[in-house]
Number of protein chains: 2
Amino acid sequence: MSLLVTGSIGIDIVETPHGRADDVLGGTAVNFAFAARLFGPVRLVGVVGEDFPPALRDRMTDDRVDLAGLEVRRGSKTFRWHGRYSEDMNTRDTVSVQLNVLAEAGPKIPPAYADSRYVFLGATHPALQQDLISQLKGPALVVADTMDLWIETQRGELERTLGRVGGVVLNDGEARMLTDETNLVTAGKAILKYGPKFVVIKKGEHGAVLVTRDRVAAVPAYYSENVKDPTGAGDSFAGGLMGYLTRAGKHDADTLIAAMVRGTIAASFLIEDFSINRLRALTQAEFDRRLGEYFTMVPRP
Amino acid sequence: MSLLVTGSIGIDIVETPHGRADDVLGGTAVNFAFAARLFGPVRLVGVVGEDFPPALRDRMTDDRVDLAGLEVRRGSKTFRWHGRYSEDMNTRDTVSVQLNVLAEAGPKIPPAYADSRYVFLGATHPALQQDLISQLKGPALVVADTMDLWIETQRGELERTLGRVGGVVLNDGEARMLTDETNLVTAGKAILKYGPKFVVIKKGEHGAVLVTRDRVAAVPAYYSENVKDPTGAGDSFAGGLMGYLTRAGKHDADTLIAAMVRGTIAASFLIEDFSINRLRALTQAEFDRRLGEYFTMVPRP
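Notes on the structure follow. Residue numbering note: each chain is counted from 1, following its sequence as written. Labels follow written order: the first chain is A, the first ligand is 1, and so on. In view of the model being predicted, local features appear only for residues whose pLDDT reaches at least 70, and side-chain atom pairs are presented and counted only at 80 or more, with totals across whole chains, interfaces and linings using the full set of residues. Here the side-chain values reflect all heavy atoms present in the structure, with hydrogen atoms and water set aside.

Residue and element names in this part refer to chain A. Strand pairing requires that DSSP identify at least two bridges connecting the strands. Think of it this way: any DSSP run of H or I at least four residues long counts as a helix, any run of E at least two long counts as a strand, and we number them from the N terminus. What the four strands build is an open sheet, ordered β3-β2-β6-β7; its pairing is mixed. Of all the strands in the sheet, just β3 (19-26) and β7 (92-98) have a single pairing partner and so form its edges. Between one strand axis and the next, the sheet turns through 15° on average, direction left out of account. Note that strand β2 (residues 10-16) and β3 share six bridges and pair antiparallel. Its bridge partner lying in β3, Gly10 is registered against Gly26. Here an angle of 0 to 180 degrees is reported between the N-to-C directions of two axes, which are lines fitted to C-alpha atoms, with helices fitted over the stretch in contact.

This part is about the relation of the copies chain A and chain B. Aligned on chain B, chain A shows an RMSD of 0.0 Å; the corresponding rotation is 180° and the shift along the axis is 0.0 Å. Taken together, the turn and the small shift mark the pair as related by a two-fold rotation axis. We call two residues in contact whenever any of their non-hydrogen atoms come within 4.5 Å of each other. When the interface residues of chain A are mapped onto chain B, 100% of them again lie at the interface, so the same face is used by both copies. Only residues with pLDDT of at least 70 in both copies contribute their C-alpha atoms to the least-squares superposition of the copies.

Here the focus is the pattern of salt bridges. Residue and element names in this part refer to chain A. Just to be clear on terms, a salt bridge is a Lys or Arg side-chain nitrogen sitting within 4 Å of an Asp or Glu carboxyl oxygen. Inspection of every chain in the model, using the stated rule, returns 38 salt bridges over all chains. One salt bridge in this structure joins Asp23 and Arg80, with 3.4 Å as the shortest N-O distance. In this pair, Asp23 is assigned in strand β3 and Arg80 in strand β6 (residues 79-85), connecting sequence segments 57 residues apart. Shared partners join several salt bridges into a network, and the residues in it are Glu15, Arg20, Asp22 and Arg84.

Residues and elements named next belong to chain B. If you trace the backbone, Thr212 turns up in strand β12 (residues 208-212). Using a relative accessible area of 7% as the deciding quantity, one classes Thr212 as buried. Along the primary structure Thr212 and Asn277 are separated by 65 residues, whereas in three dimensions their C-alpha atoms are 34 Å apart. Among residues more than four places away in sequence, those in contact with Thr212 are Leu192, Lys197 and Phe198. Each residue gets one of three labels from its accessible area relative to the maximum for its type: buried under 20%, exposed over 50%, partly exposed in between, using a 1.4 Å probe on protein chains only.

As a further point, take helix α3 (residues 126-134) of chain B. Residue and element names in this part refer to chain B. Taken together, the buried positions of α3 are occupied by Pro126, Gln129, Gln130, Leu132 and Ile133. The buried residues of α3 occupy an angular sector of 160° when projected down its axis, which confines them to one face. Its buried side turned inward, α3 meets β1 (3-6), β8 (118-121), β9 (141-144), α4 (148-153) and α5 (155-162). The directions considered for the arc run from the helix axis to the C-beta atoms.

Right, let's talk about the interface of chain A and chain B for a bit. With 32 residues of chain A in contact, the opposing surface of chain B contributes 32 residues. Summed over both partners, the accessible area lost on bringing two parts together, with a 1.4 Å probe, is the buried area. Roughly 2800 Å² of surface becomes buried between chain A and chain B when both sides are summed, with 58% attributable to carbon and sulfur atoms. The largest per-residue losses of area from chain A upon contact with chain B belong to Tyr223, Glu225 and Pro299 of chain A, which jointly make up 24% of the total buried on that side. Where chain A touches chain B, the interface holds four salt bridges. Residues Arg176 of chain B and Glu205 of chain A are paired through a salt bridge, measuring 3.1 Å at the closest nitrogen-oxygen approach. Throughout this description, a polar contact denotes any pair of N or O atoms lying within 3.5 Å of each other; where both atoms belong to protein, one of them has to be capable of donating a hydrogen while the other can accept it, and for residues adjacent in sequence the pair is counted only when both atoms sit in side chains. The interface formed by chain A and chain B contains 16 residue pairs in polar contact (both at pLDDT 80 or more). Elements represented by at least two residues in the side of chain A that touches chain B include exactly α7 (184-192), β13 (215-219), α9 (253-270) and α11 (284-297) of chain A. In terms of residue count, β13 of chain A provides more of the side of chain A that touches chain B than any other element does, five residues in total. Throughout, the ten residues Ala, Val, Leu, Ile, Met, Phe, Trp, Tyr, Cys and Pro are labelled nonpolar, Asp, Glu, Lys and Arg are labelled charged, and all others, Gly among them, are labelled polar. Among the residues making up the side of chain A that touches chain B, the classes are represented as 17 nonpolar, seven polar and eight charged.

The next thing to look at is the sheet that holds strand β8 (residues 118-121) of chain A. Adjacent strands of a sheet pair through backbone hydrogen bonds, lying either parallel or antiparallel. All names here are of chain A. If you walk across this open sheet you meet the nine strands as β5-β4-β1-β8-β9-β10-β11-β12-β13, and the pairing is mixed. What marks the edges here is a single partner per strand, and that holds for β5 (65-73) and β13. Ignoring which end each strand starts from, the neighbouring axes of this sheet average 15° apart. Here strand β12 (residues 208-212) pairs with β13 via five bridges, running antiparallel. Looking at the pairing, Thr212 lines up with Arg215 of β13. Packing of helix α1 (residues 28-36) onto the sheet brings it into contact with β1 (3-6), β4 (42-49), β5 and β8, and relative to β4 it is tilted by some 155°. Strands β1, β8 and β9 (141-144) of the sheet are contacted by helix α3 (residues 126-134), whose axis makes an angle of about 160° with β8.

Ring pairs shown here join Phe, Tyr and Trp side chains whose ring centres sit within 6.5 Å, with only the six-membered ring taken for Trp; geometry is labelled stacked below 30 degrees between planes, edge-to-face above 60, and tilted in between. Inspection of every chain in the model, using the stated rule, returns 10 aromatic pairs over all chains. Consider the rings of Phe32 of chain B and Phe120 of chain B, whose centres lie 4.7 Å apart with planes at 20°: the pair is stacked. A residue pair is termed long-range when its members are at least 10 positions apart, and Phe32 of chain B in helix α1 (residues 28-36) and Phe120 of chain B in strand β8 qualify at 88 residues. With a centroid separation of 5.7 Å and 85° between ring planes, the pair formed by Phe39 of chain B and Phe287 of chain B is classed as edge-to-face. Remark: Phe287 of chain B occurs in helix α11 (residues 284-297) and Phe39 of chain B occurs in the loop between α1 and β4 (42-49); sequence separation between them is 248 residues. Here Phe39 of chain B and Phe287 of chain B have matching classes, each one buried. Counting every residue linked through ring pairs, the aromatic cluster contains Phe39, Tyr244, Phe269 and Phe287 of chain A. A ring is scored as having a charge over it whenever the NZ atom of a lysine or the CZ atom of an arginine sits within 6 Å of its centre and within 35 degrees of its normal. Over the ring of Phe269 of chain A we find Arg290 of chain A, and its NZ or CZ is 3.8 Å from the ring centre.

A few words now on empty space enclosed by the protein. Rolled over the atoms, a probe as big as a water molecule pinpoints where empty space is left. Buriedness for pockets is judged along seven lines, at least five of which must meet protein on both sides within 12 Å for an open set on the 1 Å grid over protein atoms alone, while cavities are sets there where a 1.4 Å probe fits but cannot get out, and lining residues have an atom within 4 Å of a point. Grid points are joined across faces, edges and corners, and a volume is the space filled by probe spheres set on the points. One pass over the full model with this rule turns up three cavities of 30 Å³ or more. Approximately 110 Å³ is the volume found for the largest cavity. Every residue lining the largest cavity is counted, 21 residues in all, and those nearest its centre are Lys203, His206 and Pro220 of chain A together with His206 and Pro220 of chain B. Sorting the residues of the lining of the largest cavity by element identifies β12 and β13 of chain A together with β12 and β13 (216-219) of chain B as the ones contributing at least two each. Across the lining of the largest cavity, the residue classes break down as 14 nonpolar, three polar and four charged.

Structure representation (structure tokens):
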């Protein structure tokens, strides 16, 4: 099975109470890919500018991350983001953001990737998400993320995107904004009416909720005291989730729940260091050990 | 095994988007007891005024709820509370509160109850909690709740209480306030330093976290779309938890996790109607069915 992710690739400056990282690799596609690669190869589709440093490209180089879909656009500049977390890390300010190439035309899916079976669309303009879907040849599952900006300004387009995907991954605030429902199960069911077969609602430290037509599940987050930089946690959660589904080659409710567990474990590692440093260094044995520990942390019959 | 609860007994007015209930039975001891009774008998210790209506006493009458510790104090008035929930039920205003008898001397534990093995102390003045502990003869486990008022104004007394109990049940905001820690596991471990062997941190719709010296667990809440009145959810959670522990006759980590699950199921019923209406009407078969459903909602290895 083949997995493809499209999304932002950025150069980040991140400040947390535990330190500062300057000009490090960031963005949805990156954080997703380095979680998904724990389960198999992943095709990365995204655009950077000609200013993209070779050192950051080196950081993205990995046996399991296929960069044939990474476009380096002449005359354009890479997306940049500078964020600063509060003392308790529960809130963050955007010090500056330069959309640069992200405000231009979106990426194209290379013809050799059009057969991808599992596809994740990062939170870009919903019309672009539809354009990307149109470039695919009969995927088994397309999952989309979205964000407050598109919910507020592109609702019509977003509803069309929702009508063309099999699953949605978004955070609790976005689910409530999209549906005007407070109760997350009610919100999830309201999103299902647009067309997706499942909705995964991310709740940060509180884990995630799965809503399908006939199943609701709650997956707690792995509880860690070691949080250095939460940036990208949600994207690495999605990467672990989609990586697991791709390897399994199915996405029924039981497999989705198991995949959400892998997503929360991947995210629990990501947040232990800046950028993808921890995920890059992660061994299979470390992942498996924490997975085992996770199942001592949740109730069983 | 015998279970005793001390805490408030009140006459409530509750307004939610789903309706209004006037002069209904409320208070920690009541909500706790009608959850705990699902697992066995419970001894209720609390004080009401001579204005306490016979009709409300009738509502408290139950084969499994022992009211020998219910004091009707001459010349005093019963605690009254009037609350109003916001449209999304995530916040509530206290329209009025009359402490009345709760501002006077606390209840006494009847001599026949001094042998209680499992004891839950509702969130009263920590000096009163210590006085109640002193009236017990070698309990197996005393668990205390507390609240923001005592954390802010009676920290010394509260720390003394924490040094004399085996467990603490409190909500996430209180745990953070008590310890100045944002991370709930770090907060839980900080509370353990005062003496308790375990801390259960309640997170409302996000479930609860258990912290012991060598174990952390996350118990998601049962996800319900049917929420009519959240008042007393935390107390019924504690009641289900303590009821289960009492019946089990032990409180190791695995038993605590199982008990937290029973607590969340009890709370999920309580919130489906005003006061203890739903818990009073609940059958064992209904409880067992939802418990089975719960285990389809959480991840398994």
